[in-house]
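Results of the structural survey
So the chains spell out like this:
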Amino acid sequence: MTNFLRRLTLAAALFVTMLLAACTVGQNGAPAPLEEPTATFSEQASLDATTEADPLFVEFGNLVPYEHPSGVFSFDVPANWVLIDQSRPDELFMTWTDTTRKGGVMINLFEDETAYNEEELLSILDAFLNNNFRGQPGFENDDPEIQNDGSILLAWAYVATAASGEEFLLLGNSFVEQRGNKISILTTLIPDERFDEYTEVTNVMINSYRINPDASL
């Protein structure tokens, strides 16, 4: 495996063609496709002008705290990103994407009383990637890395196509972890060519992620 993939960092805690056809996974059945977020006329006019000049631009707004109504997780997310919620009573599947739909963060979380080891958690992550991304052109993943907090990071990428028709490498970083009876997969996606520019803000989002093992879905 060519070790070309670049990883984001995890500190205290720890989209397919452009996030529009991603599916749920976890322990349950087949999901529904995601819906496209809609920008206002003024937002779209500004966005069209920006993306024409820079087709790999990702619009990061100011980070604001988000807490799930159940209290089961919280993290910081750009205020201008659109939430697409495909959750069910027994499984959360939530995606936030910027208006360009070239960047995003995805959270899949469910409850399971089984205590999983690292190999089993990695199998859960593999199933998530198989159901959502491995069918995409040029999909490739790096070797998994155990993080200091016990979560597992897997960096991966595939060749995506922008609305302009331009192909580019979309880089994913997925973290799987277990906290009590909560199994969580946190995934970030950004264009690989813009990795250095967006690393700092994406790391802040990742490291703000908290799971409350005592809360209930």
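Look above for the structure.
Residues numbered from 1 in each chain as written. Predicted model: local features only at pLDDT ≥ 70, side-chain atom pairs only at ≥ 80, totals over all residues. Heavy atoms only, no water.

Next up on the list: the overall build of the protein chain. In terms of helices and strands, the protein chain carries three helices and 11 strands. For the protein chain, the succession of helices and strands along the chain, N to C, is α-β-β-β-β-β-α-β-β-β-β-β-α-β. Here the protein chain holds 217 residues, and the buried ones make up 49% of them. Summed over its atoms, the accessible surface of the protein chain is roughly 9700 Å², and 48% of this surface lies on carbon and sulfur atoms. (Helix = DSSP H or I, 4+ residues; strand = E, 2+ residues; numbered from the N terminus. Buried < 20%, exposed > 50% of the residue type's maximum accessible area, 1.4 Å probe, protein only. Areas by Shrake-Rupley, 256 points an atom, 1.4 Å probe, with all protein chains shown as cover.)

The three strands lie next to each other as β1-β2-β11, forming an open sheet whose pairing is antiparallel. Looking at the sheet topology across the chains shown, the edges are occupied by β1 (63-67) and β11 (210-211). Sheet topology note: the strand β2 (residues 73-78)/β11 ladder contains two bridges and is antiparallel. Paired with Phe73 across the strands is Ile211, a residue of β11. (Pairing = 2+ DSSP bridges.)

Within this structure, the stated rule accounts for 15 aromatic pairs. Note on Phe60 and Tyr198: the rings are 5.0 Å apart at their centroids and 45 degrees apart in plane angle, and the pair reads as tilted. Remark: Tyr198 occurs in helix α3 (residues 195-207) and Phe60 occurs in the loop between α1 (41-53) and β1; sequence separation between them is 138 residues. Assessed through its relative accessible area of 4%, Tyr198 is described here as buried. Both rings, one in Phe73 and one in Tyr209, keep their centres 6.0 Å apart while their planes meet at 50 degrees; by these two values the pair is tilted. In this pair, Phe73 sits in strand β2 while Tyr209 sits in the loop between α3 and β11, placing the two residues 136 residues apart along the sequence. Of the two residues, Phe73 and Tyr209, both sit in the buried class. Taken together, the aromatic side chains of Phe93, Phe128, Phe133, Phe139, Trp156 and Tyr158 make up a single cluster linked through ring pairs. (Phe/Tyr/Trp six-rings, centres within 6.5 Å; stacked < 30°, edge-to-face > 60°.)

All right, on to the side chain of Asn108 then. Its place among the elements puts Asn108 in strand β5 (residues 104-111). Within polar-contact distance, the side chain of Asn108 engages the side chain of Glu91 at 2.9 Å. (Polar contact = N/O pair within 3.5 Å; in protein donor to acceptor, adjacent residues only side chain to side chain.)

With that settled, consider the pairing of β5. In terms of burial, β5 is a largely internal element, seven of the eight residues being buried. The pairing of strand β4 (residues 91-97) with β5 spans seven bridges and is antiparallel. Bridge assignment links Glu91 to a residue of β5, and that residue is Phe110. Between the end of β4 and the start of β5, which pair antiparallel, lie six residues, with Arg101 showing a positive phi angle near 60 degrees. Judged from the eight bridges that link them, β5 and strand β10 (residues 182-191) form a sheet pairing that is antiparallel. Looking at β10, one finds that Met106 is bridged to Thr187.

In an α-helix, one turn spans 3.6 residues; hence positions three or four apart end up facing the same way. In this model helix α2 (residues 118-132) runs 21 Å from its N-terminal to its C-terminal C-alpha over 15 residues, within 8% of the 21 Å that 1.5 Å per residue would give. For α2, the full list of buried residues reads Leu121, Ile124, Leu125, Phe128, Leu129 and Asn132. The buried residues of α2 occupy an angular sector of 135 degrees when projected down its axis, which confines them to one face. Buried residues in α2 make contact with β4, β5, β8 (152-161), β9 (167-179) and β10. Regarding α2, its N-cap is Asn117, as a side-chain oxygen of that residue lies 3.2 Å from the backbone nitrogen of Glu119 further along. (Expected span 1.5 Å × (residues − 1). Arc of directions from axis to C-beta. Contact = heavy atoms within 4.5 Å.)

This part is about the environment of Asn173. You can see Asn173 is positioned in strand β9. Taking C-alpha positions, Asn173 is 9.7 Å from Asn141, a pair spaced 32 residues apart along the chain.

What follows deals with the pattern of salt bridges. Using the criterion set out here, one finds six salt bridges in the structure. For Asp126, the salt bridge goes to Arg134, with nearest N and O atoms at 3.5 Å. Judged by relative accessible area, Asp126 falls into the partly exposed class, the value being 26%. Note that Arg179 and Glu177 form a salt bridge whose closest N and O atoms lie 2.8 Å from each other. Taking relative accessible area as the criterion, Arg179 reaches 24% and is therefore assigned partly exposed. Residue classification places Glu177 among the buried positions, given a relative accessible area of 3%. The network of salt bridges with common partners includes Asp149, Glu177 and Arg179. (Salt bridge = Lys/Arg side-chain N within 4 Å of Asp/Glu carboxyl O.)

That's the geometry; what it means functionally is another story.
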